[in-house]
Each structure stands twice: as C-alpha cells, then as structure tokens.
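Here are the chains, one letter per residue:
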Amino acid sequence: MKIASVIVDVAAKQTDRTFDYLIPEKWADVLQKGMRVIVPFGPRKVQGFVVGLKEHSEFKKLKPIVELLDPYPVLTEELLQLGHWLTEKTLCYAISAFQAMLPAAMKATYDKEVRLLYPEDMSLLHEDVQQYFKQEDAVLLSGVHQDHLSSFYRDIQKGYLEVIYIVKNRARKKTVKGIKPLYAAVQLQQLAEQMPKQAEKQKNVLAFFLKHPGEIALKELCEQLNVTQAPVKALVNKGVLGETNIEVYRQPYDEEAFGKTSAFPLTEEQEQAITPILQTIEEAKHDVFLMYGVTGSGKTEVYLQSIDQVLKEGKEAIVLVPEISLTPQMVKRFKGRFGSKVAVLHSGLSSGEKYDEWRKIQRKEVSVVVGARSAVFAPFQNLGIIIIDEEHETSYKQEETPRYHARDVAIYRGKHHECPVVLGSATPTLESFARAKKGVYKLLTLRKRMNDSALPAVDIVDMREELRGGNRSMFSTLLFEKMQDRLEKGEQIVLLLNKRGHSSFVMCRDCGYVHTCPHCEISLTYHRYNHLLKCHYCGYEQPAAVTCPECNSEHIRYFGTGTQKVEEELTKLLPEASVIRMDVDTTSRKGAHERLLDQFAEQKAQILLGTQMIAKGLDFPNVTLVGVLSADTMLHLPDFRSSEKTFQLLTQVSGRAGRHHLPGEVVIQTYTPEHYSIQLAGQHDFDAFYQQEMMARKMHQYPPFYYVALVTVSHEELTKVVAVTDKIAQFLRQKLSNNTVVLGPVASPIAKVKDRYRYQCMIKYKLEPELIPSLKFILDRYQREMQQQQLSITVDLQPYSMM
DNA sequence: AGCACGCCGACT
DNA sequence: GTCGGCGTGCTC
C-alpha cells in the first residue's frame, strides 16, 4: 500500500475527516492501521492516527508521512470501529474519541523552535531576541517571555528567523542504567587474567559476566557482587563494559505486599448467580447480566471466580470500579487472587504509571485490568468478560467530550467479543433494573449478606422535631447517645455529611447581605482553616470579613453546616474522640485518601467524618454506627435523579455498618422524613423504591421511559445566551416530532460559572431519528461563533448530571 | 486549531 | 501611499 488515510490531531469540524498521505518506501511493510504518525499539515506538523491504507488517492498533491511513532498499532481494528461508533453516539470528533481510548501520555504536545537563518549577523535581530541567542542557537518559543514574543514574530516575518514545528511526545519510558559486556566470553577471560593483582573487584565483575553474559541493571549488579559502582565504572572507562538503558515499568504497587488469596466456597445464592455467567463464558456468547445484590452479599467473589474461568479459557477480563472506590482494599483483592496478571488503571496514578500499565496490556503481559471508567478501552484482543461494579455510580459517565457512558462501551465491546457483561449493584439505576425486568438484561439476585450478618437497623430522625424540642445542635439526641455508647465500647463510627467547608453561606443579619462569588452565581462557602470564603465552582477565594461590606454591621452569621464545622463541634462535644475528616480539602494531595483510610483501619481514630467519598466500598469490621447528618442535601437538587441518588447514597453508606460479627446501626437525620427515598432506604427496600420512582418517572416523562438529551449554551453575555438557546429550542421544536418534548430555554442550575452565563434546553424523546441530524445542524450553524466568539454549545446525550 | 491571504482604517 | 486590524478559508 502506498497511501495512508489519517485522522489528524486537530479537533475541529473542518478537519474531522481523513487526510491522505504518501507512505515512504521504508515503512511500506510496517505501517498498519491504528498506528500513530506525525504528518505535515499546512505549515506545521501534527500527530495523527492511520485509519486506512489504500493504493490510490483522489488528492493529487500528497505529502509523505514524516514519522512513524509506533512499532505496533495502538488502536486495534475493534477500537478504531469503536471510535467511529463513539463519534456517532456522543457527537464528538473522531480524534477526540481516539484520544479518549489511550493514556493521556500518548497525546502529543506541540512547540515551535526558532533558529537563526543568519547566525553570523546577529545585529539584524531585535535586542530582545538577540539575548536569547547568546548562549543557544535554537530557542523554544514556549520558553520565550511574554513581553518578547512580538519581537520574535517581527523577526520571523522579516525572515531572520526560521520556525521549526515540533511534535513532542510526552510518553517517556522509564529506564535504569544497565551494564553489558562488550567482548565475548573468551576475550573477557583473557582480560581478567591480564588485570593487576590489586584489581580484585574488577575481576569479580568480569567473572560475573563470564557466567551471565547478558545486560544487567547497574544497581542489581552491584548488589549481587556486593561492590560499589567504582570498579564497574573503571571497566566501563577501559571500554570493556558498555552502559545501556534498560526499560523498566514504574511500580505503583508493591507486588510483594499482596498476600495470595484463593477462592472462597460460594454460598447457594452466589452459586446460583455465577452459573449462568460461567455458562455464557463457556458458550462464548454475549449477554448482559445485572447482578443485584445487597451490600455485603459477596458480589466481588462472584466476579473473581468468573474471571478465573475466563483466564482458564485463555481470555482476558476488564473490571471497572468507581474512581473513588479504587482503594488499596479493592486492588488487594484482585492482585491477591491473580497476582502479576493484573494491571491497575486509575486517576491516582501518574501519567507515566498509567502509560506503563497500559503497555502491559498491549504487550499481553497481563490479562486482567482493574480500573476506572477509561479502562473500558483496554486494548485486549480476546476479551472473555467485562464487569462493572457499582453500576449506578455517576463516575462511569464522562462529563467532558466524548461524553460516553462506560456501560454503553462495555456492551458494545461485549457484543464484539461475544462475551458477557456483568453489571453489579445494590442499588441499580432505574434504567438497568427496568431492562432486567423486561428481560433485556438477565437479572441475578443476591438477597443475603455473607456470613448472614443482618442489614443494619435504621432510625430516621426528624430534625424539625429536634428543633422544636430545643435541640439546636447538628446531632440529634438519638445519634449523640449512640455515638457516646460506641465510643465507650471502643467501636468505630462513620459520619456522612455531603457538604465540605465550614458554613455553606455567610449572611449579614442586619441587612441580609449574602457573600456571593463575583464570577459565579453561587454563595461563597466559609472555610475556617485560613479564614477564607471560597467558591466551590471556580476556586475564587477572599478573606472572610468581620463586618458586612454593605452596611458595616458586625452581625455576621455563618449558616449551613459543612464537614469542618462538624469536626469543630465534635472536638467540643466529645473531646475524647479522635476524628478523621475526609473531603476534597483533606484528600487533594496524592496518597492522602489512602493514608487517612489506613489510619482509620488501624483504629487510630474512632470517628470517620466525610462527604460522599466515604460512602462506597469501605469495609471496616469495627464500624457499628453510621450517622447521616443531613439526608436531604441531595434531595432538593434540580435533577430528576435526585431521589434515586439520595436512595443510593443512603443505602451505600448504611452498608458500611455491621459488615462482620458486630451488628450495625444507622441513624439518618432529615428534615423530610416522610420522603419515600429516605423511608425506603431506611427499610432497605429497593424493590418498593423502584416501583415508586418508576411511577414518578413515567408521570414526568423521564428515563427509563424517555431518553434525555441536554443542550447547554454559555457566553459572557446573558442576552446572547438566552437568544441562542431560544433559537435552538425553537429550531428543535420545529424539526422534531410531536411525541418529543423540548423544554427550555431555562437557566442552568448554576446560572453563572466563571463569568459565563449558562442556559439549557432539554429534549425528552422515545424514538427520534431527526434528533442527531438536528443537533449536528445546530453545532454546524454556530460553529463559527463558537470558534471566534466566546460562545460555547455542548450536547450531552443521556446526561447524568443536569448541571 | 493554527496559519495565510486579503481587504479596509490610521499613520509615517 | 504603508502598517496592521481581524474576517474567510484551507490544511492531504
């Protein structure tokens, strides 16, 4: 083949197609579809993906490929197809889809290098420019000071400077220093004999290479022979030994730290659940299973044994877990069972570590990958199963382009590989549960907890009553008594409060002035540590004033309770209890999340207080009390899933209590105790919740009865946003069928973020062939304005968040 | 997305 | 009459 069709790394409407390039003779035999290349594109060079090979091209003035970046395709044929499917399903560009499937380290970055065209005549140049070339003969434009850039551009235009476009590859393979002999054994023997007597260490080194003639890491060599680097360096200087670079994988997990575990005997329920999965694996067919099992019912063991079967068949497995629960606990279970066959991919790894784990998959050195959302694209070629744990978790939906849901990708790949997809959850999404009820998915049920521990008893406390009874603290009498009881017994407590910071808004009691973010339409949250008011959307901060900026009053009151305030209160009320607070503010540093959980596991603290990040997947045997300080924080969000999300959160966090021998109790504090999602979560009754919520969804025409698409428009000027959104809504109403509902334009739940107003338009539809073409038309129509003005229009098909 | 080309206003 | 503003169109 002489010609390659390439998707170039330029995410824009006009470049969202293939461009043809000549394949240089030297690569004619090696170049394959799915490889990355560097190609000339206009005056510059860009990275691209080869998506097709052919003999002839319509285009006459073809340019040749500049560079080949991969020895093997990084995108398999399957992933290339999947990429095209993603562009259709999420309305993204092909290049965005491809990049989403690869580790970020493989994405190119670009720079420009400037060189002198007349090095002998520096005086031609602007003074600012001259100083850069005093030591160097090439300067990276990215390193040039802002103030000097215009001088550079002037000299470039005058033709004194040459611009070279550089494509940088961020992916760095980690290497260690290696040593290898430069002579054959016979000669080494002779050299050793000629060595002076006192050079004993050097002789030892040579003797080593007589026995082991290959290359070896310098560090390892020194350790084995118990010598310093000096004698080795001496031999290198003599030209006897040569230095090499040995490529190694970064080791985010210490392999030896994982003790081997073996399969547990399954309970009868587990046995019943696993049988159809194993059968599907054996028959090599595709099916989607929804494994609905209460918290602590042993879903993970079913996963592990299913994977074991897959590995026995010589196939591979993908396990997706929510970002947040990819704790060492979870990794340990998989590494413990399958050892070095497991690769781990999650956001806690550096981009280099992720790249290394990915290469292990590509090189077929592992056959199981455990990871967050993007691990669903693991480049396995012989998949035997895909498992999505905690299927209902919102982190499976990507909130940037391409806005895909990992579940949909998993099912696409499951069909392609003819293998089962297993969705597991104690609180499945209504969408999945409805499909299981209809028989589209196969329903597997685990009703009993392992080791027969009972589901915790739940008390729902009406905080309005507490207030009427004169209790103005954030703890109800019941919760406080139970906390004291646990502290006396030396048992542990988990407290959930879905709000970080100290106080969620600050108001002047004299004039009612509330501090709001100057860039977003949202009140500022008070952070006690460093006494700042912070915006949780854009990060803006300002010092908390002592007096009201409006009326100078000193009656400033802090409303709303955040985790910081609770922590403060706890130290006052229960000074003997030690508290670990876990929220975005205490876990932002790398490894902090893990460290805090370890401390709690080691019982260095009795109370774990945190936001929803503590609700999932944690398993501490000594936790016997879970307190939900305010169950309603999520309930009143303008989101049709708010009841579902509340039910899920309450159920998940309740599941943290009493997982082992000690029985657990849960106290849920709320201002709306009568709400069905709180009542039914208290009764652990998913089925009743499902019934009730389905009725609400049907009535209001929401999923799973209707599909939803969300168009969000943002711009600095409110009038512009409203005008554009209105036009879009009108256009859609006119184009789409009568059964389709177009809502809006309405202001987004957060109407202004980072100085940009946001409006949206929601579309609810069942069958709407005109939707995708219409949305494409809109994106086309506003493409120019989106490019040059600050207008932005995003389309989210099947959104998970309405924000 | 860049970058070049090209057509109109304010300056040596 | 030129320098430079950013509208328009192209990139194999």
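On a predicted model such as this, the values are computed, not experimentally measured, just so you know.

Further remarks concern the protein's contact with DNA strand B. As a matter of local geometry, DNA strand B sits amid Val10, Ala11, Ala12, Gln14, Pro43, Arg44, Lys112, Tyr165 and Gln787. Contact between DNA strand B and Tyr165: a phosphate oxygen at 3.4 Å from a side-chain N or O atom of the residue. A class-by-class count of the residues in the surface near DNA strand B yields five nonpolar, two polar and two charged.

This part is about the pattern of salt bridges. Close approach of charged atoms lets side chains of opposite charge pair. The full count for this structure, using the stated rule, is 39 salt bridges. Asp796 is the salt-bridge partner of Lys397, the closest N and O atoms lying 2.5 Å from each other. Taken as a pair, Lys397 in the loop between β17 (383-388) and α13 (406-417) and Asp796 in strand β34 (residues 792-797) lie far apart in primary sequence, 399 residues in all. Per residue, the accessibility class of Lys397 equals that of Asp796, and both read buried. Each member of the salt-bridge network shares a partner with another, and the members are Lys482, Asp485, Arg486, Lys489 and Glu665.

Computed from the structure, the second largest pocket encloses a volume of approximately 1,200 Å³. Along the wall of the second largest pocket there are 42 residues; nearest its centre are Lys89, Asp408, Arg435, Tyr707 and Gln798. Sorting the residues of the lining of the second largest pocket by element identifies α1 (77-90), α13, α14 (430-438), β31 (707-715) and α24 (771-781) as the ones contributing at least two each. Ranked by residue count, the leading element in the lining of the second largest pocket is α13, at six residues. Considering only residue class, the lining of the second largest pocket consists of 25 nonpolar, four polar and 13 charged.

Below, the discussion takes up the domain arrangement of chain A. A common way to report how large an interface is uses the accessible area buried once the components associate. Here chain A is partitioned into domain 1 (3-108), domain 2 (109-169), domain 3 (174-248), domain 4 (255-450), domain 5 (457-503 + 560-697) and domain 6 (707-796). At the interface, 20 residues of domain 1 touch 17 residues of domain 4. Interface area for domain 1 against domain 4, summed over the two sides, is near 1,700 Å², with a carbon-plus-sulfur share of 74%. Inspection of the domain 1/domain 4 interface yields one salt bridge. Between Glu78 and Arg413 there is a salt bridge, and its shortest N-O distance comes to 2.8 Å. Counting every contact that joins domain 1 to domain 4 gives three residue pairs in polar contact (both at pLDDT 80 or more). Only α1 and α2 (94-100) provide two or more residues apiece to the side of domain 1 that touches domain 4.

The next subject is the pairing of strand β14 (residues 316-320). As a general feature of sheets, a regular strand has side chains that alternate between the two faces. Within β14, five of the five residues are buried, leaving the element largely enclosed by the surrounding structure. Burial of the side chains of β14 extends over both faces: Glu316, Ile318 and Leu320 are buried on one face and Ala317 and Val319 on the other. Note that β14 and β17 share five bridges and pair parallel. Within β17, the position partnered with Ala317 by the bridge is Ile385. Strand direction decides the pairing type here: β14 and strand β16 (residues 368-371), joined by four bridges, are parallel.

The next point concerns the sheet that holds β31. Pairing is antiparallel across the open sheet formed by four strands, whose spatial order is β32-β33-β31-β34. Both outer strands of the open sheet, β32 (741-753) and β34, are each paired with one neighbouring strand and no more. Between one strand axis and the next, the sheet turns by 20 degrees as a mean value, whatever way the strands run. For β31 and β34, the ladder comprises six bridges, and the chain directions are antiparallel. Opposite Leu710, over in β34, you have Asp796 as the bridge partner.

This paragraph deals with the protein's contact with DNA strand C. Neighbouring DNA strand C are 15 residues, the closest being Asp20, Pro40, Phe41, Gly42 and Lys63. Within 4 Å of the protein, the contacting atoms of DNA strand C are 39% sugar and phosphate, with bases supplying the remainder. Pro40 places a main-chain nitrogen or oxygen 3.1 Å from a phosphate oxygen of DNA strand C. Here a sugar or linking oxygen of DNA strand C and a backbone polar atom of Gly42 are 2.9 Å apart. Going through the elements one at a time, β2 (18-22), β3 (36-41) and α25 (783-788) are the ones with two or more residues in the surface near DNA strand C. Broken down by element, the surface near DNA strand C gets its largest block of residues, three residues, from β2. Considered class by class, the residues forming the surface near DNA strand C number six nonpolar, four polar and five charged.

With that out of the way, let us pick up the nonpolar core. Buried together is how nonpolar side chains tend to be arranged in soluble globular proteins. Among the nonpolar cores identified, the biggest contains 90 residues, and Leu75, Phe98, Val369 and Leu608 are the most heavily contacted of them. Per-element tally for this core: the top contributor is α13, with five residues. Look past the residues within four positions of Leu75 in its chain and what remains in contact with it is Lys33, Gly34, Phe49, Leu80, Phe98, Met101 and Leu102. Counting 30 residues, the second largest nonpolar core, distinct from the first, contains Phe258, Leu266, Val321 and Val422.

Moving on, we come to α1. For α1, spanning 14 residues, the distance from its first C-alpha to its last is 20 Å, which sits close to the expected 20 Å at 1.5 Å a residue. When α1 is considered as a whole, its buried residues turn out to be Glu78, Leu79, Leu80, Leu82, Gly83, Leu86, Thr87 and Thr90. On its buried face, α1 sits against β4 (44-54), α2, α13 and β34.

It is worth spelling out unusual backbone geometry at this point. Cis geometry marks the peptide bond from Thr401 to Pro402, where omega comes out at -10 degrees. By secondary structure assignment, the location of Pro402 is in the loop between β17 and α13. A cis amide bond, omega 5 degrees, links Pro703 with the succeeding residue Pro704. With phi around 50 degrees, Lys754 is a residue other than glycine that occupies positive phi space. Along the chain, Lys754 falls in the loop between β32 and β33 (756-765). Look at Lys754 and you get exposed, because its relative accessible area is 52%. The phi angle at Asp755 is positive, at roughly 65 degrees, despite the residue not being glycine. When you line up the elements, Asp755 lands in the loop between β32 and β33.

With that settled, consider the environment of Ser643. Counting through the fold element by element, Ser643 comes out in helix α20 (residues 642-654). On the accessibility criterion, Ser643 (9% relative accessible area) is buried. Taking C-alpha positions, Ser643 is 7.8 Å from Glu693, a pair spaced 50 residues apart along the chain. The contact partners of Ser643, leaving out residues within four places of it in the chain, are Leu635, His675, Tyr676, Ser677, Phe689 and Glu693.

With that settled, consider the packing of helix α6 (residues 200-211) against helix α7 (residues 218-225). In contact at an axis separation of 11 Å, α6 and α7 are set at 110 degrees when each is read in the N-to-C sense. As far as their axial angle goes, α7 and α6 are roughly perpendicular. In this structure, α6 contributes Asn204, Val205, Phe208 and Phe209 to the contact, and α7 contributes Leu221, Gln224 and Leu225. Taken together, the residues that form the contact of α6 with α7 break down as five nonpolar, two polar and no charged.

Okay, the packing of aromatic side chains next. Following the criterion strictly, the structure yields 22 aromatic pairs and no others. Relative to Phe559, the ring of Phe505 has its centre 5.2 Å away and its plane inclined at 10 degrees; by these criteria the two rings are stacked. Taken together, the residues Phe505 in strand β22 (residues 505-508) and Phe559 in strand β26 (residues 556-559) connect sequence positions 54 residues apart. Residue Phe559 is classed as partly exposed on the basis of its relative accessible area of 22%.

Reading guide: rules and limits
Residues numbered from 1 in each chain as written. Chains lettered and ligands numbered in written order. Predicted model: local features only at pLDDT ≥ 70, side-chain atom pairs only at ≥ 80, totals over all residues. Heavy atoms only, no water. Near = heavy atom within 4 Å. Polar contact = N/O pair within 3.5 Å; in protein donor to acceptor, adjacent residues only side chain to side chain. Nonpolar A, V, L, I, M, F, W, Y, C, P; charged D, E, K, R; others polar. Salt bridge = Lys/Arg side-chain N within 4 Å of Asp/Glu carboxyl O. Helix = DSSP H or I, 4+ residues; strand = E, 2+ residues; numbered from the N terminus. Buried < 20%, exposed > 50% of the residue type's maximum accessible area, 1.4 Å probe, protein only. 1 Å grid on protein atoms, 1.4 Å probe; cavity = no way out; pocket = protein on both sides within 12 Å on 5 of 7 lines; lining within 4 Å. Points joined across faces, edges and corners; volume = space filled by probe spheres on them. Domains from an automatic or database assignment. Contact = heavy atoms within 4.5 Å. Buried area = accessible area lost by both parts, 1.4 Å probe. Pairing = 2+ DSSP bridges. Axes fitted to C-alpha atoms, helices over the stretch in contact; angles between N-to-C directions. Core = buried A, V, L, I, M, F, W, Y, C linked by side-chain atoms within 4.5 Å. Expected span 1.5 Å × (residues − 1). Parallel < 35°, antiparallel > 145°, perpendicular 65-115°, else oblique. Phe/Tyr/Trp six-rings, centres within 6.5 Å; stacked < 30°, edge-to-face > 60°.

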